[in-house]
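Structural characterization, general
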Amino acid sequence: MAGIREKQLIGVGAPSGSQVPDAANQSAPVPCLRVEDLIGAVNSLRPDAGGTERTDGADLTDSAELIEQLRGLEDLKSAIAGAQARIAVAFDAAQRSAEKALGIPAADQGRGVGAQIALARRESPARGSRLLGLAKALVTEMPRTLAALDTGQLNEWRATLLVKETACLAAEDRCAADEELAADTGTFDGAGDRAVTAAARTAAYRRDPRSVTKRASHAATERHVSLRPAPDTMTYLTALLPVAQGVAVHAALSRHADTLRNAGDARTRDQIMADALAERTTGTPGGITGVEIQLVMTDRTLLQGDSEPARLPGYGIIPAAWARTLLNGNQNQGEDNRSPHGQTGQDRKLKVWLRRLYTTPGTGELVAADSRARFFPAGLRRFIQARDDTCRTPYCDAPIRHFDHIIPWHHGGPTSLDNGAGLCEACNHTKELPGWTARPAATAGPGSRHVIDIRTPTGHHYRSTAPPPPGTDQSAPGQAASNPPGADPPATTAHRFGDLHYWRRQRQPA
């Protein structure tokens with residue numbers, strides 16, 4: 001993903017003595033050299049890609065050795081996961097001890113630990129919190145599952161399943177279930193994910209049926225609908241529903257599809273069910289009504305048939321031809337573009353607005369004006385949304401919920417494009433914790449893309465570079481492209497390199 005979102009660990013700095021007391025630094029990073037040696041040893045196992053065929057039967061021996069290496073590396077991955085769990089728990093304890101010495105209330109201690117683990121493991125903050133919870137359960141309550149992880153008898157995902165299915169139990173019951181399952185004795189050798197889940201669920205119910213039943217009742221409060229990208233300009237629209245409601249919705253869509261198929265509808269059963277879901281939710285056959293759909297693309301893509309992809313906020317990169325077709329009103333993109341009511345895509349009148357955003361040559365850095373307001377005005381929020389696309393915290397792809405001052409406003413930070421960043425709610429709250437700082441980084445020169453330097457309480461620094469807009473020259477990410485000998489002089493920052501366009505698309509009023 002380099003070149004789309006360049007967020008990386010760029011260095012380690014010594015923590016400030018005023019922020020982290022010496023007691024928190026007793027676990028010095030001694031194992032670093034050993035980890036580097038381990039990485040080197042693993043890299044030395046790469047097979048010879050240029051090997052020749054053997055006629056003396058050695059090929060079979062070599063193949064067997066390759067399989068042994070695969071199995072050994074899988075065991076090593078499990079052992080590494082166990083080591084990471086222990087390190088995460090030790091880090092959590094060190095951070096809480098340090099914050100206690102600083103007088104931070106017990107309820108607020110350790111709030112940023114999951115986010116720091118996420119950055120170190122190149123994961124999202126939400127994933128980092130789950131990994132910390134997994135580590136605590138393994139180390140403190142499920143030692144036999146952790147032992148199975150250490151020896152390669154379980155991988156990290158199956159250990160996660162065991163932890164998840166016993167999460168409703170009290171600590172002593174969880175330890176008893178862990179002892180009953182005894183994963184380190186090879187109980188789950190040859191077992192798949194479903195078998196592991198079923199065994200853990202049975203053990204949990206046997207220990208405390210009331211808690212398991214209570215968790216099932218509580219699960220209904222977690223119902224939700226989510227959207228995530230799928231390949232080929234598709235999306236996964238997922239609904240987590242109580243079982244009765246989920247079955248009822250699916251049955252209703254199935255009956256509707258069967259009725260239309262029996263009446264001669266040429267669409268497949270799955271297509272009819274998908275179309276009916278969109279129609280019944282939005283109230284229109286086309287599935288779009290009164291809702292903005294915004295596209296970001298270059299003027300060359302829009303007007304000259306260029307192949308440079310466009311960007312659809314909330315989804316990601318989409319092909320240029322697909323974006324132009326979408327603007328023309330034919331969003332189904334299938335062989336049969338006729339709606340259930342006989343309207344083709346071209347029959348559906350749409351309103352389209354154009355907003356021009358000027359960018360600098362090569363890098364696509366957006367230009368905006370300052371504001372003295374406490375909150376970002378609507379125009380500046382749109383600029384930040386177009387520039388950042390998703391949350392600017394490294395490895396976090398969550399949608400932008402807060403438009404945040406990088407240097408806080410109450411510390412003199414201006415309400416400007418350079419000092420603004422799009423963040424999800426969780427990352428914005430984490431940024432305000434003690435020991436966390438962020439600053440707009442000095443760029444390489446005019447036209448460089450926006451960069452934020454983030455410093456965690458341990459003194460580690462991370463860099464977040466704004467993703468390149470469509471049409472950007474990515475030969476030198478974050479910097480303006482250099483001119484080859486004999487080329488025209490570089491354009492100034494005021495030169496029109498390529499407009500980015502927000503297209504707002506919605507139904508004409510009936």
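Residues numbered from 1 in each chain as written. Predicted model: local features only at pLDDT ≥ 70, side-chain atom pairs only at ≥ 80, totals over all residues. Heavy atoms only, no water.

Running from amino to carboxyl end, helix 3 (residues 113-120) crosses helix 4 (residues 125-140) at an angle of 105 degrees, the nearest separation of the two axes being 7 Å. By the criterion of interaxial angle, the relationship of helix 3 to helix 4 is roughly perpendicular. In this structure, helix 3 uses Val113, Gly114, Ile117 and Ala118 to contact helix 4, whose residues at the interface are Pro125, Gly128, Ser129 and Leu132. Grouping the amino acids of the contact of helix 3 with helix 4 by side-chain chemistry returns 5 nonpolar, 3 polar and no charged. (Axes fitted to C-alpha atoms, helices over the stretch in contact; angles between N-to-C directions. Helix = DSSP H or I, 4+ residues; strand = E, 2+ residues; numbered from the N terminus. Parallel < 35°, antiparallel > 145°, perpendicular 65-115°, else oblique. Contact = heavy atoms within 4.5 Å. Nonpolar A, V, L, I, M, F, W, Y, C, P; charged D, E, K, R; others polar.)

When we look at burial in helix 14 (residues 378-388), the residues that qualify are Leu380, Phe383, Ile384, Ala386, Arg387 and Asp388. At the C-terminal side of helix 14, aspartate 389 shows a positive phi close to 70 degrees. (Buried < 20%, exposed > 50% of the residue type's maximum accessible area, 1.4 Å probe, protein only.)

Moving on: unusual backbone geometry. Of note in this structure, arginine 122 is not a glycine but carries a positive phi near 55 degrees. Residue position: arginine 122 is located in the loop between helix 3 and helix 4. Backbone geometry places tyrosine 395, a non-glycine residue, at a positive phi of 70 degrees. The topology assignment puts tyrosine 395 in the loop between helix 14 and strand 8 (402-405).

Looking at where cysteine 424 falls in the secondary structure, it is placed in the loop between strand 9 (420-423) and helix 15 (425-431). Accessibility expressed as a relative area gives 7% for cysteine 424, which makes it buried. Distance in space between the C-alpha atoms of cysteine 424 and proline 399 is 6.1 Å, their sequence separation being 25 residues.

All right, on to the pattern of salt bridges then. If charged atoms from side chains of opposite charge come close, those side chains can pair. Tallying each qualifying case throughout the model produces 23 salt bridges. Between glutamate 74 and lysine 77 there is a salt bridge, with its nearest N and O atoms 3.3 Å apart. Taken as a pair, glutamate 74 and lysine 77 lie in helix 2 (residues 58-101) at a separation of 3 residues, close to a single helical turn. The class of glutamate 74 is partly exposed, set by a relative accessible area of 34%. Residue arginine 267 is joined to aspartate 265 by a salt bridge in which the shortest nitrogen-to-oxygen separation is 2.9 Å. Overall, aspartate 265 belongs to the partly exposed group, its relative accessible area being 21%. Each of the salt bridges in this network shares a partner with another, and the network as a whole consists of Asp92, Arg96 and Lys136. (Salt bridge = Lys/Arg side-chain N within 4 Å of Asp/Glu carboxyl O.)

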